[in-house]
Amino acid sequence: MELDPLIDDRGTRIIVCCGAGGVGKTTTAAALGVRAAERGRRVVVLTIDPARRLAQSMGIDSLDNTPRKVDGIKGSDGGELHAMMLDMKRTFDEIVEAHAEPERARAILENPFYQSLSAGFAGTQEYMAMEKLGQLRARDEWDLIVVDTPPSRSALDFLDAPKRLGSFLDGKFIKLLMAPAKVGGRAGMKFLNVGMSMMTGTLGKLLGGQFLKDVQTFVAAMDTMFGGFRTRADATYKLLQAPGTAFLVVATPERDALREAAYFVERLAAEEMPLAGLVLNRVHGSGAARLSAERARAAAENLDEGRIVDQGGGKAGLGGSPATEPEPEHEPNDLATAAAHPVPEAAPTADPAQETDVRLLTAGLLRLHAERMRVLAREQRTRDRFTALHPEVAVTEVAALPGDVHDLAGLRAIGDRLTAGRTPSA
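Only a predicted model underlies this, so the values are computations on that prediction, with no experimental measurement involved.

Draft legend 1. Quick look at the packing of helix α13 (residues 255-270) against helix α16 (residues 352-389). Their axes nearest at 10 Å, the elements α13 and α16 cross at an angle of 15 degrees. When the axis of α13 is compared with that of α16, the two are roughly parallel. Crossing handedness for the pair α13 and α16: right-handed. In contact with Arg255, Leu258, Ala261, Ala262 and Val265 of α13, α16 contributes Thr382, Arg383 and Phe386. Of the residues assigned to the contact of α13 with α16, the class counts are five nonpolar, one polar and two charged.

Structural data, given as structure tokens:
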């Protein structure tokens, strides 16, 4: 998968980074935003990451519900980068204020049930992310929006949010609470006194009378806005399906993360949403891949015992026994080559303890290499399993960095790895 053509294409207006939690979606989204801005795009990155790593890496004290310009972008042709972090409750408040009369908006905002709903109702965060995406796209201030999806238990929650909200608003419980306000007059009062008395009495005992009253007041005030929620959710959903949107599934080469990625790939296909490909993040490598885990472990064991190994002939001899073959030339730092040939007898030293320390250190390094090669083999098997099931999905690998990303330089390094065009190794 080649990402530079994707972000350079002015027809690409939305990139959605999705996947399981903890796979690097936020860093990937930020790195793409930095790279796109420095290639001339006007970009806004929308994150839902509460850890605030994005703000720190971009040199901003904090992010909130308002896009903030990022300084230090080395862009050309008017490239700019803005970043923001979704404030779920504030986004909900803005919707109420924009689509309700001032008096009704105040009644909604002060309603205890609304305050609970807007602060943490199941699915609200995912739905508000969709709302904010729709708002940003409608403003047309940026020509590229990069979305970091919420850290949900399941990555599918982001796509399900509009449907879940619609089901909630269309549910029998909500319709029943809305009925008295819709009927009105004496008929409404009769319904309230007769039909609702049994339900409110029962629910009042279970939930508390005041809570039920708050819910009824909230539903009555929100009645005229329910249709707007559904309309905007449907519009944003269609926006995600439209040309100009690209989904990037982010995963690490671990079984659980790639299983979640596979579910998401299948779901995107079922919903006819445009999948650009899979970003395989934090892939490990080795500069001495020719040295297998088995050979490294065997060499370490022989060093522990004061022996040397002739991997070429498959024999082990005591340290100090003459080599049967002339030592081939090799780079002194090439661990694979050094372990593949007889270890030459060490020159006498005045400090035998120092010689022992060097031998033990070398053995430790060989064991670390053996462990690294086992990790590489496991990652390769996991990659192969995914690509065998989804051969149509383009993949790019991002090599693991030695440390965390904490500034723009780190984001640029990730961007370089993202767009290097590297495909899974054979």
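Structure's up, so let's keep going.
Draft legend 2. Main features of a nonpolar patch on the surface. Where nonpolar side chains cluster on the molecular surface, the patch consists of Leu361, Leu365 and Leu368 and spans about 330 Å² of accessible area. The topology assignment puts leucine 361 in helix α16.

Draft legend 3. Structural view of the environment of alanine 300. Tracing the sequence through the fold places alanine 300 in helix α14 (residues 293-304). Residue classification places alanine 300 among the buried residues on the basis of a relative accessible area of 0%. Filtering out sequence-adjacent residues up to four positions away, alanine 300 remains in contact with Ala363, Leu366 and Arg367.

Draft legend 4. Structural detail: the side chain of threonine 28. Examined against the element boundaries, threonine 28 turns out to sit in helix α2 (residues 25-38). Discounting chain neighbours no more than four positions away, the residues touching threonine 28 are Cys17, Val250, Asn281 and Leu418.

Draft legend 5. The pattern of salt bridges, seen in detail. Counted by the stated rule, this structure contains 20 salt bridges. Note that glutamate 94 is salt-bridged to lysine 132, the shortest N-O span being 3.3 Å. Taken together, the residues span a long stretch of sequence, with glutamate 94 in helix α4 (residues 88-99) and lysine 132 in helix α7 (residues 124-139) at a distance of 38 residues. Glutamate 94 sits in the partly exposed class, given a relative accessible area of 24%. When its relative accessible area of 5% is taken as the criterion, lysine 132 is described as buried. One continuous salt-bridge network, built from bridges that share partners, spans Asp4, Asp8, Arg35, Arg39 and Asp416.

Draft legend 6. Broad picture of α16. Between the first and last C-alpha of α16 there are 56 Å, a value that for 38 residues agrees with the 56 Å anticipated at 1.5 Å per step. The set of residues buried in α16 consists of Ala363, Leu366, His369, Ala370, Met373, Val375, Leu376, Glu379, Gln380, Thr382, Arg383 and Phe386.

Draft legend 7. Up close: the confidence of the model for the protein chain. In the predicted model, the protein chain carries a mean pLDDT of 75, and the fraction of residues at 70 or more is 69%. Long-range and interchain partners of residues 181-207, a stretch whose pLDDT sits below 50, account for 25 contacts in this model, where long-range means more than four residues apart. Here residues 309-333 is modelled with pLDDT under 50, and outside its nearest four sequence neighbours on either side it reaches 32 contacts, counting other chains as well.

Draft legend 8. Here's a closer look at the sheet that holds strand β3 (residues 68-69). One open sheet accounts for eight strands, arranged β3-β4-β2-β5-β1-β6-β7-β10; its pairing is mixed. Only two strands of the sheet have a single partner each, and these edge strands are β3 and β10 (395-399). In this sheet, strand β4 (residues 80-85) lies alongside strand β2 (residues 42-47) in parallel orientation, the contact comprising six bridges. By the bridge assignment for β4, valine 45 is matched with alanine 83.

Draft legend 9. Up close: α13. In this model, α13 (16 residues) spans 23 Å end to end at C-alpha, consistent with the 22 Å of a helix rising 1.5 Å per residue. With its phi angle positive at about 55 degrees, glutamate 272 sits one or two positions after the end of α13.

Analysis parameters
- Residues numbered from 1 in each chain as written.
- Predicted model: local features only at pLDDT ≥ 70, side-chain atom pairs only at ≥ 80, totals over all residues.
- Heavy atoms only, no water.
- Axes fitted to C-alpha atoms, helices over the stretch in contact; angles between N-to-C directions.
- Helix = DSSP H or I, 4+ residues; strand = E, 2+ residues; numbered from the N terminus.
- Parallel < 35°, antiparallel > 145°, perpendicular 65-115°, else oblique.
- Left-handed = near helix turned anticlockwise from the far one by under 90°.
- Contact = heavy atoms within 4.5 Å.
- Nonpolar A, V, L, I, M, F, W, Y, C, P; charged D, E, K, R; others polar.
- Patch = residues over 30% accessible without salt bridge, like charges linked within 9 Å, V, L, I, M, F, W, Y side chains within 5 Å.
- Areas by Shrake-Rupley, 256 points an atom, 1.4 Å probe, with all protein chains shown as cover.
- Salt bridge = Lys/Arg side-chain N within 4 Å of Asp/Glu carboxyl O.
- Buried < 20%, exposed > 50% of the residue type's maximum accessible area, 1.4 Å probe, protein only.
- Expected span 1.5 Å × (residues − 1).
- pLDDT = per-residue confidence, 0-100.
- Pairing = 2+ DSSP bridges.

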